Amino acid sequence: MRSHWWAYRHWPIRLRLTVWYMLLFDVVLLLFSGYLHLRVERGLEAQVDRGLRLAATQVVAATDQAGDRPALQATPDAQALLQQLQGAGYGVRLTAADGATVARFGALPTAPLPPPAAGYTTLAQGEDTWRVFAARLPAPPGAAPGWLQVTQSLAPVQQLSEDLSNQVLFAAPAVVFLAGLGGVFLADRALRPIDRLTRTAQQLGAHDLSRRTGYRGPADEVGRLATTFDQMLERLEAAFARERRFTADAAHELRTPLTALKGQLGVALSQPRAAAEYAAVLRDLDEQVDRLIRLSTDLLFLARLEQGRAQVPPERVDLSALLETIVDHVRPLAAERALALEAAIPAGLAVTGQVDHLSRLFLNLLDNALKYTPAGGRVAVRGCVAGASARVTVSDTGPGIAAAHLPHLFDRFYRAAADRSRAAGGAGLGLAMAAELARAHGGALAVASTVGAGSAFTVSLPLAAPAPAAPPGSRQP
């Protein structure tokens, strides 16, 4: 049994669908044939019963009773009626009240009929079956009524029922064969999109993820599968494109300081130099090494954020106090660059997260705003409560960002103004890291910008649950 089940599990889906379709069709055909056979047999028997009752009514009308003995009328109409009934296959028996047969004609069983009883009776006689209808005959007042029995053979009904069964059995193999062909056609039609998915998957490669199934059918189970498959390919293609761009950008960012290091070392070693010159070269090398360390550290941290390994512990953070501290920290830098730094932060903003990560998030946004705002400009930090979120906006009056750059602004190494970013010492990771930090805290980072009017970066973070009230009588710290 186990081997049969194992073999069935390895059948192709088309074969399994066809087999199940044929089995279901066979069951339906069997049930319908049984129901049809029963209905036809019952209908024919009901027709026989109606004919017996009608014949009995006509015979009663052609019967007279003188005393205790009923008798058939001798009129031409009565004789003609009896001939018609006999020609139609009916048999008639008249009995007196004492059970004695007074008249019989037509098709009657060879065996004696049972004692009369009002209603219908089925009489089996060997291979033949008879249907008998009995009714009392009208009698004069004071006289005992006799009985009328009308019979008809059920052989035609049985023969018709048998012919119907034979025809069903004869036609069943052809019907099952046609059902099998229909099952193959339906299975092939249903699985055709799956074949297309398979062929598309087989043609995919790491360097070509542009193929799609191109499904144009209804949005059923197969349609949703094809659409989901195409959407998955789109996400994979975008992810591969990001990874290829990241690899190229990372190689470029690493090559620049390494090339500078190599060049400075080559110049320093090309000829003997004074100690002061060697010290200057070493200071330059130290700056390049610091840049490499920052870049590798940021890449490692960003990778951990994207992989979900930089866990954010559930710590209640006073966001208002944190933002005030960060603003005070960067205020000297803003003054050094002749920028006005404004802060409008309401008290009581509290979120759940990690203080160091949140500090890094908002420091990256402020550093970005200070870099790209020209002297005499303004940088503002504003906070508010929006529903169940704390919303913090860092805006500037810098040159703004073109709309074409906004969808890619949070990609790693992406720069809307590459030359100025490198001049400011950036590697294009600050905004990507800020977006990942916001996501790690259950929030989001959005940007709105107008060329020539500045940019605004908005961080939305879920508000922390209210702090539990201190029990009565407890000492507050």
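Being a predicted model, the structure only gives us computed values, none of them experimental. By convention here, each chain's residues receive numbers from 1 onward along its written sequence. Totals for whole chains, interfaces and linings use all residues, but because this is a predicted model, local features are given only for residues with pLDDT of at least 70 and pairs of side-chain atoms are given and counted only at 80 or more. Side-chain metrics rest on all non-hydrogen atoms present in the structure, leaving aside hydrogens and water.

> Even after reading the chapter, I still don't get the packing of aromatic side chains, so can you show me in this structure?
Describing an aromatic ring pair means giving the distance of the ring centres and the angle of the ring planes. Between 30 and 60 degrees the pair is tilted, below 30 it is stacked and above 60 it is edge-to-face, where a pair is any two Phe, Tyr or Trp rings, Trp via its six-membered ring, whose centres lie within 6.5 Å. Counted according to the given criterion, the structure contains 1 aromatic pair. Look at Tyr120 and Phe133: their rings are 4.8 Å apart centre to centre, the planes differ by 45°, and that puts the pair in the tilted class. Of this pair, Tyr120 sits in strand β5 (residues 119-125) while Phe133 sits in strand β6 (residues 128-136), placing them 13 residues apart in sequence. Classification of Tyr120 by relative accessible area gives partly exposed; the value is 30%. Any residue under 20% of the maximum accessible area for its type is buried, any over 50% is exposed, and the rest in between are partly exposed; the area is computed with a 1.4 Å probe on protein chains only. In this structure Phe133 comes out as buried when scored by relative accessible area, which is 6%. Helix numbers and strand numbers start at the N terminus; a helix is a DSSP run of H or I with at least 4 residues, a strand a run of E with at least 2.

> When you look at the pattern of salt bridges in this model, what are you seeing that I'm missing?
Two side chains of opposite charge can pair, provided their charged atoms sit close to one another. Between Lys or Arg on one side and Asp or Glu on the other, a salt bridge is scored when a side-chain nitrogen of the former is within 4 Å of a carboxyl oxygen of the latter. Per the counting criterion, the structure on display carries 6 salt bridges. Here Asp49 ties to Arg131 by a salt bridge, and the two come within 2.8 Å at their closest N and O atoms. Note that Asp49 is positioned in helix α2 (residues 13-61) and Arg131 in strand β6, a separation of 82 residues in sequence. Here Arg131 falls in the buried class, since its relative accessible area comes to 17%.

> Please explain the sheet that holds strand β7 (residues 147-153) as it appears in this structure.
The pairing of strands in a sheet happens through backbone hydrogen bonds and is either parallel or antiparallel. The pairing criterion is simple: DSSP has to find at least two bridges between the two strands. Reading across from one edge, β4-β3-β7-β6-β5 is the order of the 5 strands in this open sheet, with antiparallel pairing throughout. Taken across any chain shown, the strands that pair with only one partner, and hence form the sheet edges, are β4 (101-106) and β5. Pairwise comparison of adjacent strand axes, ignoring direction, gives a mean angle of 20° for this sheet. Where α2 meets the sheet, its contacts fall on β3 (90-95), β5, β6 and β7, and the angle it forms with β7 comes to roughly 140°. Every axis in this analysis is a line fitted to C-alpha atoms, fitted for helices over the stretch in contact. Angles between the N-to-C directions lie between 0 and 180 degrees. Contact criterion: two residues are considered in contact whenever any of their non-hydrogen atoms come within 4.5 Å of each other.

> Would you mind going over the sheet that holds strand β12 (residues 389-396) with me for this structure?
Ordered by their spatial adjacency, 5 strands build an open sheet running β9-β11-β12-β14-β13, and the pairing between neighbours is mixed. Two strands bound the open sheet, and with one partner strand each, they are β9 (340-344) and β13 (444-450). The sheet shows a mean angle of 15° between the axes of neighbouring strands, direction not considered. Across the face of the sheet, helix α7 (residues 319-336) comes into contact with β9, β11 (378-386) and β12 while running at roughly 170° to β9. Against the sheet, helix α10 (residues 430-440) touches β13 and β14 (454-462), its axis set at about 135° to β13.

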